Amino acid sequence: MSAKAVSPSAKKPAAKTGAVKAPRALPSAVEQWYFEKSGRQLFYKPEEKLPIIEVSNFPALGRLTALRFIEWVLENPEGVVSLPTGKTPEYFIRWSQHFLSNWKKKDIQAQLGEVGLGGRPAPSFGGLTFVQIDEFYPIDPQQQNSFYYYVNKHYLRGFGMDANKAMLINPAKIGIPKGQTLETVFPDGKVDLGLRHRLPKTQLERVQAGVLMEVDQFCSDYEENIRAKGGLGFFLGGIGPDGHIGFNFRGSDLQSPTRLTYTNYETEAAAAGDLGGIEVSRNKPVITIGLGTITHNPEGVAIIFAAGEAKSGIISDAVTSGLHVRNPASVLSTMKNARFYLTKGSTVKLKNRVLEDIVKSERIEDAEFEKRVIDRALALGKRLDEIKDADAKGDELLSAVLDKTGRGYREAAQWVRERLVKKIEAGTESSGDQTILHTGPHHDDIMLGYMPYVMHLVRNASNRNFFTVLTSGFTAVTNGFLAGVFEDLEGFIGEGAYDADLAAGIFQADQPAARAEEVFRYLDGVAAQDDREMKFSQARRMLHNLMLVYEDEDIDNIKLRLKENLHYLRTVYPGKKDIKIIQTLKGMQREYEEELIWGYVGIGPSDVFHGRLGFYTGDIFTKAPTQDRDVTPVLQMFEDLRPNVVSLAFDPEGTGPDTHYKVLQVLHEALLQYRDRTGIDPEVWGYRNVWHRYHPADANVYIPVSLNTISVMAHSFMNCFGSQKNASFPSFEYDGPFCYQTQKVWVEQFRSLRTLLGHEWFEQNPSPRIRAARAFVYLRKMPLSEFSGAARALAEITESAM
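Description of the structure in this document.

Procedures and definitions
- Residues numbered from 1 in each chain as written.
- Predicted model: local features only at pLDDT ≥ 70, side-chain atom pairs only at ≥ 80, totals over all residues.
- Heavy atoms only, no water.
- Helix = DSSP H or I, 4+ residues; strand = E, 2+ residues; numbered from the N terminus.
- Rg over C-alpha atoms; globule rule 2.2 N^0.38 Å.
- Buried < 20%, exposed > 50% of the residue type's maximum accessible area, 1.4 Å probe, protein only.
- Contact = heavy atoms within 4.5 Å.
- Areas by Shrake-Rupley, 256 points an atom, 1.4 Å probe, with all protein chains shown as cover.
- Lys, Arg positive; Asp, Glu negative; His and termini not counted.
- Charge placed at Lys NZ, Arg CZ, Asp CG, Glu CD.
- Polar contact = N/O pair within 3.5 Å; in protein donor to acceptor, adjacent residues only side chain to side chain.
- Pairing = 2+ DSSP bridges.
- Axes fitted to C-alpha atoms, helices over the stretch in contact; angles between N-to-C directions.
- Phe/Tyr/Trp six-rings, centres within 6.5 Å; stacked < 30°, edge-to-face > 60°.
- Parallel < 35°, antiparallel > 145°, perpendicular 65-115°, else oblique.
- Nonpolar A, V, L, I, M, F, W, Y, C, P; charged D, E, K, R; others polar.
- Right-handed = clockwise from strand over helix to strand, strands pointing away.
- 1 Å grid on protein atoms, 1.4 Å probe; cavity = no way out; pocket = protein on both sides within 12 Å on 5 of 7 lines; lining within 4 Å.
- Points joined across faces, edges and corners; volume = space filled by probe spheres on them.
- Disulfide = S-S within 2.5 Å.

### A word on the overall build of the chain
Then, in step 1: Within the chain, the regular secondary structure consists of 30 helices and 16 strands.
Then, in step 2: A compact globule built from 802 residues should have a C-alpha radius of gyration of about 28 Å, and the chain, at 28 Å, falls within 12% of that.
Then, in step 3: Expressed as lengths along the three principal axes of its C-alpha atoms, the size of the chain is roughly 75 × 75 × 60 Å.
Then, in step 4: Looking at the chain residue by residue over its 802 residues, the buried ones come to 58%.
Then, in step 5: Here the contacts in the chain between residues at least 6 apart in sequence split such that 80% fall between residues at least 24 apart.
Then, in step 6: Of the roughly 32000 Å² of accessible surface on the chain, a fraction of 49% belongs to carbon and sulfur atoms.
Then, in step 7: Averaging the locations of the 94 positively and 101 negatively charged side chains of the chain gives two centres separated by 6 Å.

### Some thoughts on the side chain of R40
Then, in step 1: Within the secondary structure, R40 is located in the loop between α2 (29-38) and β1 (52-55).
Then, in step 2: Residue R40 is classed as buried on the basis of its relative accessible area, which comes to 9%.
Then, in step 3: Of note is the side chain of R40, whose polar atom sits 2.8 Å from the side chain of E356.
Then, in step 4: Setting aside residues no more than four positions away along its own chain, R40 makes contact with F35, E54, K344, R353, E356 and D357.

### A short note on the sheet that holds strand β10 (residues 435-440)
Then, in step 1: Reading across from one edge, β12-β11-β10-β13-β14-β16-β15 is the order of the 7 strands in this open sheet, with mixed pairing throughout. Sheet topology places β12 (608-610) and β15 (701-706) at the edges, where each strand pairs with a single neighbour. Neighbour-to-neighbour, the strand axes of this sheet turn through a mean angle of 25°, independent of strand direction.
Then, in step 2: As judged from the 5 bridges shared by strand β13 (residues 645-649) and strand β14 (residues 683-687), these two strands associate in the parallel manner. Each residue of the ladder has a partner; that of V645, found in β14, is E683.
Then, in step 3: Along the sheet, helix α16 (residues 409-428) makes contact with β15 and β16 (773-783), crossing β15 at roughly 60°.
Then, in step 4: Lying over the sheet, helix α27 (residues 738-757) contacts β15 and β16, oriented at roughly 90° with respect to β16.

### Remarks on the environment of E370
Then, in step 1: You can see E370 is positioned in helix α14 (residues 366-380).
Then, in step 2: Overall, the relative accessible area of 0% leaves E370 in the buried class.
Then, in step 3: Expressed as a C-alpha distance, the spacing of E370 and A514, which sit 144 residues apart in the sequence, is 52 Å.
Then, in step 4: Other than its neighbours up to four places away in sequence, E370 contacts V416, R419, L420, K423, P696, A697 and Y702.
Then, in step 5: One polar contact links E370 to K423, side chain to side chain, over a distance of 2.7 Å.

### Concerning the packing of aromatic side chains
Each aromatic ring pair is described using two quantities: the centre-to-centre distance and the angle formed by the ring planes.
Then, in step 1: Going through the model one piece at a time under the given rule, you end up with 39 aromatic pairs.
Then, in step 2: Ring geometry for F369 versus W415: centroids 5.6 Å apart, planes at 75°, classification edge-to-face. You can see F369 sitting in helix α14 and its partner W415 sitting in helix α16, a full 46 residues away along the chain.
Then, in step 3: Classification of F369 by relative accessible area gives buried; the value is 3%.
Then, in step 4: When the centroid spacing of 6.2 Å and the interplanar angle of 85° are considered together, the rings of Y522 and Y592 count as edge-to-face. One end of the pair, Y522, is in helix α20 (residues 512-528); the other, Y592, is in helix α23 (residues 580-599), and 70 residues separate them in sequence.

### What about the packing of α2 against helix α3 (residues 58-75)?
Then, in step 1: Following both chains from N to C, one finds α2 and α3 inclined at 155°, their axes separated by 8 Å at the closest point. The angle between the axes of α2 and α3 places the two elements in the roughly antiparallel class. Touching A29, V30, E31, W33 and Y34 of α2 are A60, R63, L64, L67, R68 and E71, all from α3.
Then, in step 2: Looking at the contact of α2 with α3, its residues break down into 7 nonpolar, no polar and 4 charged.

### Topic: the pairing of strand β11 (residues 464-469)
Then, in step 1: β11 sits mainly inside the fold: 5 of its 6 residues count as buried.
Then, in step 2: Strand direction decides the pairing type here: β10 and β11, joined by 6 bridges, are parallel. Residue G440 lies in a different strand from β11, and its bridge partner there is V469.
Then, in step 3: Note on the crossover from β10 through helix α17 (residues 445-457) to β11: the handedness is right-handed.
Then, in step 4: Here β11 runs beside β12; their pairing, made up of 3 bridges, is parallel. Residue pairing for β12: F467 is matched across the bridge by V608.

### Re the layout of surface pockets
Then, in step 1: As a volume, the second largest pocket reaches approximately 440 Å³.
Then, in step 2: Contributing to the lining of the second largest pocket are 19 residues, with R515, R541, E595, P605 and H610 lying nearest its centre.
Then, in step 3: Listing elements by their share of the lining of the second largest pocket, those giving two or more residues are α20, α21 (531-550), α23 and β12.
Then, in step 4: Among the residues forming the lining of the second largest pocket, the class breakdown is 9 nonpolar, 5 polar and 5 charged.

### Re empty space enclosed by the protein
Then, in step 1: Under the defined criterion, the tally for this structure stands at 4 cavities of 30 Å³ or more.
Then, in step 2: Put simply, the largest cavity is a space of about 100 Å³.
Then, in step 3: What lines the largest cavity is a set of 14 residues, among which R688, N689, V745, W746 and Q749 lie closest to the centre.
Then, in step 4: Where the lining of the largest cavity is concerned, the elements lending two or more residues are α17, α27 and β16.
Then, in step 5: Broken down by element, the residue count for the lining of the largest cavity peaks at 4 residues, all from α27.

### Overview of the sheet that holds strand β7 (residues 286-288)
Through backbone hydrogen bonds, the strands of a sheet pair up, either in parallel or in antiparallel fashion.
Then, in step 1: The sheet built from 3 strands is open, its strands ordered β4-β7-β6 with antiparallel pairing. The outermost strands of the open sheet, each flanked by one partner alone, are β4 (134-136) and β6 (259-261). The mean inter-strand angle of the sheet, taken between neighbouring strand axes irrespective of direction, is 20°.
Then, in step 2: Bridge count for β6 against β7 is 3 bridges, and the pairing is antiparallel. In the sheet register, R259 faces β7, and the bridge partner there is T288.
Then, in step 3: The sheet contacts of helix α8 (residues 203-228) involve β6 and β7, and relative to β6 the element is tilted by about 135°.

### A look at the state of the cysteines
Then, in step 1: Throughout the structure, instances matching the rule amount to 0 disulfides.
Then, in step 2: The cysteine C739 is free of any disulfide, with C720 supplying the nearest cysteine sulfur at 11 Å.
Then, in step 3: The exposure class assigned to C739 is buried, which follows from its relative accessible area of 0%.

Written out as structure tokens, the structure is:
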């Protein structure tokens, strides 16, 4: 930081760890209406240190946030505001624009009247000063994946704010010497912040060091300008997987100012999708306002909003901890107007809220009962057959469940133990005479969900197994990977390697045997450890794909198309939404990889179907599925294949990619129509993978997984999913390929069962499959009626406005 850098610690005394200094302000009129509607307390002492307003679903979260923002703007028409980027603000943006565009309409005035805003003139956002929260560095501000582009599109233009008043972070205008650009200063996009402290070794490094000094001065001035305006009057932010607010990741100084800084792995993984891969986001610095920036104005409104069970752990940490750098959002406890706006799903790890639900419930469901029994046993590290009634002491949730049902813990533990054994036995049963349609939202979802089970199902010749992936998955293929395939193809064409195939006409559209040969020859290459054979087969499929999409079988024309596409891939910025032809080719590459993975277990390409549902577009805010575009083709596939079992990714609200939920709803509607048309009432198998895990109580089939099966899963993933093996778009929980993260999850599930049942139960079991188990896959099998009820409940949580 330059000599003029702001020292927030000099302006605001450092807070003591664990202290909560700010008295709580009363809820606003909007907050009061939602607070009363929720039936909750504002916060539950002593566990919760920050007020929470809870709503039922994601759109309602956006509506609440929009109304609170509008309420604040009506009271502060010239205030200073800072609003978030990403996918979480989708419904906040939609609702805000909806209210502003329809303010005078009778039904809108009625809605506004409910929350105390009726009869008032529409707010004008033109007087506000907008403050950009953060930005990647370096990044061209004109790129559509820059936050500068996002806030200009959705807030300055979308909300009608005055761009001249806005405080924005435009890396292209910060310290770049005359005659140079961001690209010439940082030609590979990499920044070495060590140049702040070490001597430059080259002329380029001297230029870079000078630019970094100017960026630090910009951050200092940015901070000073915000504080000169009195600080932020209204701050709205999401919360990252490590608890970060803005780019203030876990471990950030609670008094931190605006700064240029590196982040951490979790933040880099979350940003990989925006930037075109972890290769780009890893070690990429960011400019971010600090935690001290957010809290500087003691009268400021600071809201964190979050949806879904996937966020419940980090929400619990943020809300229940005292001030600590481990939980950046804990700093908001120093602000009297700080709030968390949360969906019910994101509160499931807040004990007192769960306890209240148990106490108020008319009946304790078996899964809820089982969950509390299991959680206590695992916390104690005790086998279920060792549990005593006294072991329930100290666990409020378990005690409430036991009181509600009138059962003792010892009896309950024995009941749960018997259920667990039955679930394991169900996972070893042979399933025959089934027509099974295995479905996935993305091309690795099925194998990462339950490949060990598939390996047993395909061994029974009486089963008919079909596979379909319902989106093209093109967003998961990096430009660099596709360019590599094109380069391989150029080389093989140059060698004349496909001349005989061209003469034989095998690249024509109606050549299923040729397409199968490209799968099985690739697998021959895997078996022989012959990298050339694998690349040859993959490139041959890509040659077919190019001829198909361009409707051109002239090899000379295809060579020109290759050069054209290679130029595009080498020059377009990572993370940009691709042109249609590249989207299609990336999707076809993923489809080929899916054929390869099931070729491992003897399934031919003719039994693998590619959905390409139309709602999947690569836009940040995706389209909703429709009957004609999305449901009808799935229904037709059902009627053609006549499955009596359909598997699907079954994740809770707000968990994993948005694609999972949309595919689930398409399948739900298609299944109901399929039953009505054919009279077939299929069983539904719900699986989960790296995005969310089943609690043992929520699954009813446990499939044992041997070391051999684990090895096959990892080997097949790394050899078949070429576009995924480098983990360009990884989970924030694991720095590496999904197959190894999946292995970790399955092993953890086994260890939980081993604790609950005892290692002797496994080691002395008469079943060799159970004795060999070193991991477990969880499934939930259910009749269509049960799945339909769960899907409708999920739709209510995810889609309904109220």
